[in-house]
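Notes for the structure review
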Amino acid sequence: MATLGNPQNTIEILQKYHFNFQKKFGQNFLIDPHVLERIMEAAGVTKEDFVLEIGPGIGTMTQYLCENAREVAAVEIDSNLIPILQDTLKDYDNVTVIHQDILKVDINALAAEKNNSQPIKVVANLPYYITTPIIMGLFESHVPIDSITIMVQKEVADRMQQGPGSKEYGALSLAVQYYAKPEIVANVPPNCFMPRPSVGSAVIRLTRHRQPPVTVQDEKLMFRLIRASFNQRRKTLANGLNNAPDIPLSKEQIQESILELGVPVNIRGEALSLEQFARLSDIVGAKL
Ligand code: SAM
């Protein structure tokens, strides 16, 4: 039985272990059972699934995951939470707690060991200070992923869903949409957490595409172009690319490439779609 997801039981366990929240680890624990149930429903975890949880905290969501999944691995950085997790998860024999920084875990090796390298589900109430490196790490290292269902800052969730022309559109939108289909499944106010975060939150599900929505010859080059063009937001695409040390083309070659794409030479990067970045990447690639 999941027992932690409410204020009273959370406070009780925190007091029992004299736990102090560490701001640097982005610790905001969920205390609302409706939100936890909504996350479980959106993640669609079944007894067939191996689930990776990032940042289990005191084990609130981990208990729900253990009830629903075949097996769970939960990676937690804070050593003060490890004895608490041993206590709150003692009734479950299908969970492994890994005391590590998620950015240092070899998730491919974990998926191989625990799930025969078959697609895994990632479910997490993420530490907001490293949302982007976590998501990009999962996608770029080609971890076999079925879906990622995560609580993130509301603004970041919006950014993942946006297309060209919107103010929030950027490198993260393009990367997420290249690898997955993003869908916001719930907006979550600060009072669902302890302590309350200063920003609104949202649960977003990223369902991995079987085939990327665009084809590109050199994925890495496309992401170099994307990063370069959003590094200097108010500049033109040509200037952004010209100032990027890892794109070794002359100013003339860059202008030629943009014209070959069939767009004005003074266009800004934020006006290009994913499809256009893929085409530009192929054009640039042919000149390198
Ligand atoms: N899952 C819990 C919940 O929903 O109540 C806690 C979520 S809290 C927003 C984020 C958790 O991630 C904290 O437990 C924090 O200690 C952990 N964390 C922070 N940085 C981490 C890192 N680099 N690797 C692994 N866990 C980390």
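Source: prediction; values computed, not measured.

**Looking at the overall build of the protein chain**
Secondary structure summary: the protein chain contains twelve helices and nine strands in total. Taking 2.2 N^0.38 as the reference for a compact globule, 288 residues should give roughly 19 Å; the C-alpha atoms of the protein chain span a radius of gyration of 21 Å, in line with that estimate. Principal-axis analysis of the C-alpha atoms places the extent of the protein chain at approximately 65 × 40 × 30 Å. Buried positions account for 52% of the 288 residues belonging to the protein chain.

**Structural notes on the pattern of salt bridges**
Overall, the coordinates contain 16 salt bridges when judged by the stated rule. Measuring nitrogen to oxygen at the nearest pair gives 2.8 Å for the salt bridge that ties Lys154 to Asp158. Pair noted here: Lys154 and Asp158 are both in helix α7 (residues 154–161), with a separation of four residues, about one helical turn. Owing to a relative accessible area of 22%, Asp158 belongs among the partly exposed residues under this scheme. Asp282 is the partner of Arg279 in a salt bridge, and the nearest nitrogen-oxygen pair spans 2.8 Å. Taken together, the positions of Arg279 and Asp282, both in helix α12 (residues 274–287) and three residues apart, correspond to about one turn of that helix. One network of salt bridges, in which partners are shared, links Lys16, Asp87 and Lys90.

**Structural notes on the site of the ligand**
Taken together, 23 residues form the shell around the ligand, and within it Leu30, Gly55, Glu76, Asn125 and Tyr129 come nearest. Gln27 is positioned with one of its side-chain polar atoms (N or O) 2.9 Å from an oxygen atom of the ligand. Within the backbone of Gly57, a nitrogen or oxygen atom sits 3.3 Å from an oxygen atom of the ligand. Of the pockets mapped on this structure, the ligand occupies the largest pocket. Elements represented by at least two residues in the shell around the ligand include exactly β1 (29–30) and β3 (71–76). In the shell around the ligand, the residues fall into twelve nonpolar, seven polar and four charged.

**So, the layout of surface pockets**
Size it by volume and the largest pocket reaches roughly 440 Å³. As for the largest pocket, its lining consists of 30 residues, of which Phe25, Gly26, Gly55, Asn125 and Pro127 are closest to the centre. Every element with two or more residues in the lining of the largest pocket is listed here: β1, β2 (50–54), α3 (60–68) and β3. Looking at the lining of the largest pocket residue by residue, the classes come out as 18 nonpolar, nine polar and three charged.

**Quick notes on the side chain of Thr10**
Within the secondary structure, Thr10 is located in helix α1 (residues 7–16). Among the residues examined, Thr10 registers a relative accessible area of 0% and is labelled buried. Not counting residues up to four positions away in its chain, the partners in contact with Thr10 are Leu4, Leu30, Ile31, Ile58 and Met194.

**Looking at the packing of aromatic side chains**
All chains considered together, the criterion is met by nine aromatic pairs. Ring plane angle 55° and centroid distance 5.2 Å describe the contact between Phe21 and Phe29, whose orientation is recorded as tilted. By relative accessible area, which is 8% here, Phe29 ends up buried. Measuring from centroid to centroid gives 5.6 Å for Tyr178 and Phe223, while their planes differ by 75°, and the two rings are edge-to-face. Pair noted here: Tyr178 is in helix α8 (residues 171–179) and Phe223 is in helix α9 (residues 219–231), with a separation of 45 residues, a long-range link. Neither residue differs from the other here; Tyr178 and Phe223 are each classed as buried. In this structure an aromatic cluster arises from ring pairing among Phe139, Tyr178, Tyr179 and Phe223.

**Points about the environment of Leu89**
Residue position: Leu89 is located in the loop between α4 (82–88) and β4 (95–99). Sequence separation between Leu89 and Gly59 is 30 residues, and the spatial gap between their C-alpha atoms is 6.9 Å. Dropping the residues within four chain positions of it, Leu89 is found in contact with Gly59, Thr62, Gln63, Val95 and Val97.

**Digging into the nonpolar core**
Proteins that are soluble and globular tend to have nonpolar side chains buried together. Core analysis: the biggest nonpolar cluster contains 66 residues, and Ile120, Ile150, Met160, Leu206 and Met222 have the highest contact counts within it. Considering each element in turn, this core owes the most residues, seven residues, to α9. The residues contacting Leu206, other than those within four sequence positions of it, are Ile135, Phe139, Asp146, Ser147, Ile148, Ile150, Met160, Val176, Ala180, Lys181 and Pro182. With 29 residues, the next largest nonpolar core counts Ala42, Leu85, Met151 and Val185 among its residues.

**Brief notes about the pairing of β4**
For β3 and β4, the ladder comprises five bridges, and the chain directions are parallel. Bridge assignment links Val75 to a residue of β4, and that residue is Ile98. Where the polypeptide runs from β3 across α4 and back to β4, its parallel neighbour, the crossover connection is right-handed.

The rules we used
- Along every chain, residues carry numbers that run from 1 in the direction the sequence is written.
- With pLDDT at 70 or above as the cut-off, local features in this predicted model cover only qualifying residues; side-chain atom pairs require 80 or more to be listed or tallied, and sums for whole chains, interfaces and linings still use all residues.
- The side-chain values count all of the structure's non-hydrogen atoms but skip hydrogen atoms and water molecules.
- Secondary structure elements are taken from DSSP: a helix is a run of H or I of four residues or more, a strand is a run of E of two residues or more, and numbering for both begins at the N terminus.
- Put simply, the radius of gyration uses C-alpha atoms, and a globule should come to 2.2 Å times the residue count raised to 0.38.
- Each residue's exposure class comes from its accessible area (1.4 Å probe, protein chains only) as a fraction of the maximum for that residue type: buried when under 20%, exposed when over 50%, partly exposed otherwise.
- Any carboxyl oxygen of Asp or Glu that lies within 4 Å of a side-chain nitrogen of Lys or Arg is treated as forming a salt bridge with it.
- Put simply, a residue is near a molecule or strand once any heavy atom of it comes within 4 Å of that molecule or strand.
- Two N or O atoms count as a polar contact when they lie within 3.5 Å, although within protein this holds only if one can serve as hydrogen donor and the other as acceptor, and sequence-adjacent residues are included solely when both atoms are side-chain atoms.
- Of the two site types, the cavity is a set of points on a 1 Å grid over the protein atoms alone where a 1.4 Å probe fits but cannot get out, and the pocket is an open set with protein on both sides within 12 Å along at least five of seven lines, each lined by residues with an atom within 4 Å of a point.
- Think of it this way: a molecule belongs to a cavity or pocket when more than half its atoms come within 2 Å of the grid points there.
- Note that Gly is not counted as nonpolar here; it falls among the polar residues with everything else outside the nonpolar set of Ala, Val, Leu, Ile, Met, Phe, Trp, Tyr, Cys and Pro and the charged set of Asp, Glu, Lys and Arg.
- Grid points are joined across faces, edges and corners, and a volume is the space filled by probe spheres set on the points.
- The contact criterion used is simple: two residues touch if any of their non-hydrogen atoms lie within 4.5 Å.
- Note on aromatic pairs: the rings of Phe, Tyr and Trp (six-membered ring only in Trp) are paired at centre separations within 6.5 Å, and the planes decide the class, stacked below 30 degrees, edge-to-face beyond 60, tilted for the rest.
- The criterion is simple. A nonpolar core is a set of buried Ala, Val, Leu, Ile, Met, Phe, Trp, Tyr and Cys residues joined through side-chain atoms within 4.5 Å.
- Whether two strands pair depends on DSSP finding at least two bridges between them.
- A clockwise path from the first strand over the helix to the second, with the strands pointing away from the viewer, defines a right-handed crossover.

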